[in-house]
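Each chain is listed here by its residues.
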Amino acid sequence: MPTEDELFAAVDALLAGEPEMPGPAERARLREAAGVTQARLAQVLRTTTQTVKNWEAGRAEPRPPRRQAYQRLLDGWAERFPAGPEPAHPVSPAVPEATVPGPGAGLTARAPGLAAASAPTRARSGTPADTGAAPATTAAPEREHPRTASAPGAAAPRPARTARNAPTSRRPGAGKKRGAGNPAGGEDARFENGPLAVVDVDTDGQVLAYCTGGLVLDVPAKSLPALVEWTLKEAKLGQPRLSGPGKDADPLLVLTEAALERYGLPVTLTHEERLAGRVPEDHKVVKQLARAEWKLTKRGFGPWARIYRPATGSERACVQLCIPSWHALDARHWGEAGQLPPAELARILGVYASRVMTPRGSTAVTGLELMTALHPPTRASEPDADGRRHSEHNPGSLGKDPVDCAPCEAPDGHPLLADLPRFHLRGPAERLFEEAYDWARPMTDAECTLRHLVGIDVNMAFAAGANGLVVGLGAPTHVKAPVFDPKLPGSWLVDLSHVDLSKVKVGKEWVELDGGLLPSPFTPRGDRPEGPAWYATPTVAYAVELGYEVRPIEAYVRHENGRYLDGWYQRLRDAYLATMADLGVGADLPPADFLAAMDGYRERDPELAIVASAIKATVKGGLGKLRERPRGEGWRPGRPWRALSRPTWRPDIRAAVISRTRINLHRKIVKHAAFTGQYPVAILSDCVVYAAGGPSPLDFLPYRDGRPLPGGFKLGVNPGLVKHEGTQSVLWGEEVRERFTAPELNLARYIKDGTVTDADNGE
């Protein structure tokens with residue numbers, strides 16, 4: 001039992017609290033009175049201009065340690081520039097919460113960060129209590145919320161901590177109103193509360209739904225089936241379709257640990273449940289859903305459960321669940337997002353949803369679903385003679401039915417290869433093997449005299465490889481002794497062993513290079529081909545570009561083709577550039593300014609940095625899903641697996657993108673070598689390591705008057721441009737290789753932080 005003195009001390013500490021921060025309008029007034037721009041203030045506080053704008057618009061609150069520094073600055077300005085006299089009749093403040101009878105029964109919006117005392121007193125009837133003054137009629141301005149499907153949205157401000165136990169109206173029939181500074185609903189009133197909500201339980205036991213833009217809704221549902229019903233009928237969650245013939249995105253509910261306990265679900269999965277990827281079918285919550293006539297997809301109730309009823313006409317009834325404590329948010333891509341408070345998690349997922357799409361599963365699954373969302377398989381036909389429309393193939397899409405790949409494109413164990421001997425190993429003449437680089441070589445004596453190894457990394461290299469790429473849309477056609485056509489996507493059996501990298505065409509001129517210091521562009525390991533092998537179209541086209549004749553022996557080509565990935569690339573590019581701009585890394589920065597902006601950009605807003613990481617993972621994961629391999633499911637070699645039933649199972653498209661990405665990188669390496677005489681020491685996927693006299697990329701990249709080598713490496717944030725990956729000493733590189741007795745250890749794998757945990761095994 002605490003003593004009276006202890007209680008009084010605790011109360012005194014609570015009364016003291018933190019120094020009160022001036023209101024948003026006063027912050028702006030003081031800054032303008034001091035003659036300081038928002039950009040200058042952002043520079044002093046080491047944040048972004050957009051963050052300062054959010055502080056002055058009331059969309060966000062500064063957080064330690066910037067809060068204390070900002071408070072000190074505002075206090076100093078307040079002494080120098082005191083405010084004028086108060087107006088005789090001040091405007092009544094906006095009511096942070098309104099109860100308006102209407103169709104949104106059971107929903108109550110809360111403005112995060114509002115003090116409990118600021119909530120107006122309300123009579124039980126729902127009318128303002130008699131205070132002797134007229135009720136306020138001037139609402140606080142609402143920030144426009146860019147939730148359109150055609151362009152990535154603006155980043156939501158970092159939410160203020162929510163006063164969870166603030167009084168609010170919870171009476172039946174209560175309507176809702178967005179608090180000041182929360183985003184408006186966009187053009188589609190059906191989804192005015194955003195694409196998703198993080199469901200949590202406060203200390204009073206009230207279930208809350210944290211939406212994007214700081215909006216918080218009271219949730220009346222007492223069970224999971226009731227929560228699904230509430231989401232579809234009252235919550236106004238979802239996202240408009242990304243393409244005309246497509247479908248609206250289903251609402252996403254993220255369940256915190258407290259919400260799991262409230263609705264009878266385990267906080268964590270057992271070892272057996274994790275291996276199965278779901279809770280048992282006889283779990284009580286699964287039975288509740290079944291009794292309420294809700295269904296689960298074949299994957300069951302797992303970290304990304306989908307709960308639905310069969311569609312009736314154009315009406316869909318489906319809710320997607322995300323359960324972070326069941327490892328729904330992979331820490332490799334989402335960092336610590338799963339451990340963040342609900343409002344901050346809603347911000348991260350909301351920005352990702354507005355710029356990419358509402359998550360449908362892992363970043364890989366979402367990347368694949370984005371392709372389909374932008375190019376739906378079917379569309380409505382023109383009206384027939386009776387005025388009726390029917391479903392027809394959507395041109396430019398992959399259609400609704402899967403197509404068989406060519407035998408050379410099939411991975412081991414595919415049904416097309418069922419007749420092969422069990423332990424048969426296919427060689428280059430039987431198997432298309434287009435993969436990213438994993439190559440290294442010993443350093444020359446001249447390189448060992450330099451001091452540094454500098455790694456540069458291509459931004460979103462595989463997205464850049466997909467840009468403008470023509471890929472097959474339909475089934476392959478087998479052709480014998482074809483004439484090579486660089487515009488025709490497909491797989492070609494051709495001998496490229498005659499291509500000599502010591503003499504190649506660069507543009508229109510032949511140049512001589514040290515071919516022994518260059519990797520072959522035709523193999524992932526950089527080895528020179530030794531005979532006929534299967535290659536994707538971009539690889540064979542590059543052999544022609546280097547000035548050599550090619551004579552294919554046979555090919556599988558796709559006459560039905562198109563630039564299927566263009567919209568996908570543009571959506572992800574815009575999402576990445578917008579997020580990096582919010583982190584202070586603009587698209588048009590000079591080289592030195594770009595390197596400075598990239599230094600420590602993650603610390604400027606760790607939550608947005610998570611979004612940037614997830615966007616990059618969406619690119620790689622989505623392309624990887626095009627050739628998804630069997631995962632358990634009792635599969636045996638020669639038998640089909642689940643992914644083969646998808647029209648988006650297309651290993652040929654994946655191979656073409658990887659081929660083009662590798663060729664794009666090799667083209668830059670060759671141009672750099674022809675101009676500077678410098679050759680790479682190691683390459684891993686999209687990272688290239690050079691020996692240099694200084695620690696910066698500017699110490700070896702050729703820039704003249706701020707302009708890079710045409711067609712070579714260029715520093716910048718755009719996809720296809722490069723950034724600084726890391727720098728280590730040449731002595732470090734030689735010591736590591738000597739320690740593991742590996743003169744060709746791939747140093748690009750460890751260039752970022754210099755940590756080598758084991759010998760390079762190529763994985």
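Note that the structure is predicted; figures quoted are calculated from it, not measured.

Novice: Please give an account of the overall build of the chain that cites residues and values.
Specialist: Within the chain, the secondary structure is distributed over 21 helices and 25 strands. Sequence-distant contacts, at least 24 apart, represent 72% of the contacts inside the chain between residues at least 6 apart. Accessible surface, the chain as shown: approximately 36,800 Å² in total, 52% of it carbon and sulfur.

Novice: With reference to specific residues and values, describe the sheet that holds strand β15 (residues 490-495).
Specialist: With antiparallel pairing, the 4 strands of this open sheet are ordered in space as β14-β19-β15-β18. Of all strands in the sheet, those with a lone pairing partner are β14 (477-480) and β18 (532-536), marking the two edges. Across the sheet, the mean angle from the axis of one strand to that of its neighbour is 20°, orientation sign disregarded. Of the pairings in the sheet, the one linking β15 to β18 comprises 5 bridges and is antiparallel in character. Across the sheet, the residue bridging to tryptophan 492 is tyrosine 535, located in β18. Each of β15 and β18 touches helix α15 (residues 537-545); the most contacted strand, β18, lies at about 110° to it.

Novice: Could you give an account of the side chain of threonine 539, naming the residues involved and the relevant values?
Specialist: Relative to the assigned elements, threonine 539 resides in helix α15. In this view, threonine 539 contacts Glu434, Pro521, Phe522, Ser659, Arg662 and Ile663; residues no more than four positions away in its chain are not counted.

Novice: Can you lay out the nonpolar core for me, pointing to particular residues and giving the numbers?
Specialist: Within the largest apolar cluster, 112 residues are counted, with the highest numbers of intra-cluster contacts made by Trp334, Trp568, Met580, Ile615 and Phe713. Setting aside anything within four residues of it in sequence, one finds phenylalanine 713 in contact with Ile456, Leu665, Lys668, Ile669, His672, Val688, Tyr690, Leu701, Pro708 and Val722. Counting residues in each nonpolar core, the second largest holds 35 residues, with Val199, Ala235, Val279 and Val319 among its members.

Novice: Mind laying out the packing of helix α11 (residues 342-355) against helix α16 (residues 566-582), listing which residues take part and the relevant values?
Specialist: One can describe the packing of α11 onto α16 by two numbers: an axis separation of 9 Å at closest approach and a directional angle of 140°. What the angle tells us is that α11 and α16 run oblique. Between α11 and α16, the contacting residues are Ala353, Ser354 and Arg355 on the first element and Arg571, Ala575, Ala578, Thr579 and Asp582 on the second. Per-class residue counts for the contact of α11 with α16 are 3 nonpolar, 2 polar and 3 charged.

Novice: Which residues make up the packing of helix α2 (residues 24-33) against helix α5 (residues 66-80), and what values do they have?
Specialist: Close contact between α2 and α5 brings their axes to 10 Å; oriented N to C, the two are set at 65°. Note on packing geometry: the crossing formed by α2 with α5 is left-handed. Between α2, through Arg27, Leu30 and Arg31, and α5, the contact on the second element is made entirely by Tyr70, Leu74, Trp77 and Ala78.

Novice: I'd like to hear about the packing of aromatic side chains, residue by residue, with values.
Specialist: Under the definition given, this model contains 11 aromatic pairs. With 5.1 Å between their ring centres and 65° between their planes, tryptophan 334 and tyrosine 352 make a pair best called edge-to-face. Separated by 18 residues along the polypeptide, tryptophan 334 in helix α10 (residues 331-334) and tyrosine 352 in helix α11 bring together distant segments of the chain. Exposure remark for tyrosine 352: the relative accessible area of 1% places this residue in the buried category. Here the aromatic rings of phenylalanine 484 and tryptophan 492 are separated by 4.9 Å at their centres, their planes lie at 70°, and the arrangement is edge-to-face. Taking the relative accessible area as the measure of exposure, phenylalanine 484 reaches 14% and is therefore buried. Note on tryptophan 492: relative accessible area 1%, which makes it buried. Cluster of aromatic residues (ring-pair linked, three or more members): Trp635, Trp641 and Trp649. Taking the ring centre of tryptophan 294 as reference, the NZ or CZ of arginine 309 above it sits at 3.8 Å.

Novice: A description of helix α4 (residues 49-57) should follow, citing residues and the corresponding values.
Specialist: The set of residues buried in α4 consists of Val52, Asn54, Trp55 and Glu56. As for α4, its buried residues are in contact with α2, α3 (38-44) and α5. In the segment just after α4, glycine 58 is the residue with positive phi, at about 80°.

Novice: Which residues make up the pattern of salt bridges, and what values do they have?
Specialist: Tallied over the entire structure, the rule returns 37 salt bridges. Taking the shortest distance from any N to any O, the salt bridge between arginine 749 and aspartate 438 comes out at 3.4 Å. Taken together, the residues arginine 749 in the segment after α21 (730-739) and aspartate 438 in strand β11 (residues 438-440) connect sequence positions 311 residues apart. For arginine 650, the salt bridge identified is with aspartate 652, shortest N-O distance 2.9 Å. Residue class for arginine 650 comes out buried when judged on its relative accessible area of 1%. Via salt bridges that share partners, Asp188, Arg190, Arg241 and Asp248 belong to a single interconnected network.

Novice: Can you break down the sheet that holds strand β22 (residues 687-692) residue by residue, with the values?
Specialist: On the basis of which strands lie adjacent, the open sheet formed by 5 strands has the order β11-β21-β22-β12-β25 and antiparallel pairing. The open sheet has two free edges, formed respectively by β11 and β25 (722-729), since each of these has just one partner strand. The average undirected angle you get between the axes of adjacent strands in this sheet is 20°. Along the sheet face, helix α20 (residues 651-676) touches β12 (452-458), β21 (682-684) and β22 and points at about 15° away from the line of β22.

Conventions used here
Residues numbered from 1 in each chain as written. Predicted model: local features only at pLDDT ≥ 70, side-chain atom pairs only at ≥ 80, totals over all residues. Heavy atoms only, no water. Helix = DSSP H or I, 4+ residues; strand = E, 2+ residues; numbered from the N terminus. Contact = heavy atoms within 4.5 Å. Areas by Shrake-Rupley, 256 points an atom, 1.4 Å probe, with all protein chains shown as cover. Pairing = 2+ DSSP bridges. Axes fitted to C-alpha atoms, helices over the stretch in contact; angles between N-to-C directions. Core = buried A, V, L, I, M, F, W, Y, C linked by side-chain atoms within 4.5 Å. Buried < 20%, exposed > 50% of the residue type's maximum accessible area, 1.4 Å probe, protein only. Parallel < 35°, antiparallel > 145°, perpendicular 65-115°, else oblique. Nonpolar A, V, L, I, M, F, W, Y, C, P; charged D, E, K, R; others polar. Left-handed = near helix turned anticlockwise from the far one by under 90°. Phe/Tyr/Trp six-rings, centres within 6.5 Å; stacked < 30°, edge-to-face > 60°. Lys NZ or Arg CZ within 6 Å of the ring centre and 35° of its normal. Salt bridge = Lys/Arg side-chain N within 4 Å of Asp/Glu carboxyl O.

None of the figures reported here should be taken as evidence of function without further support.
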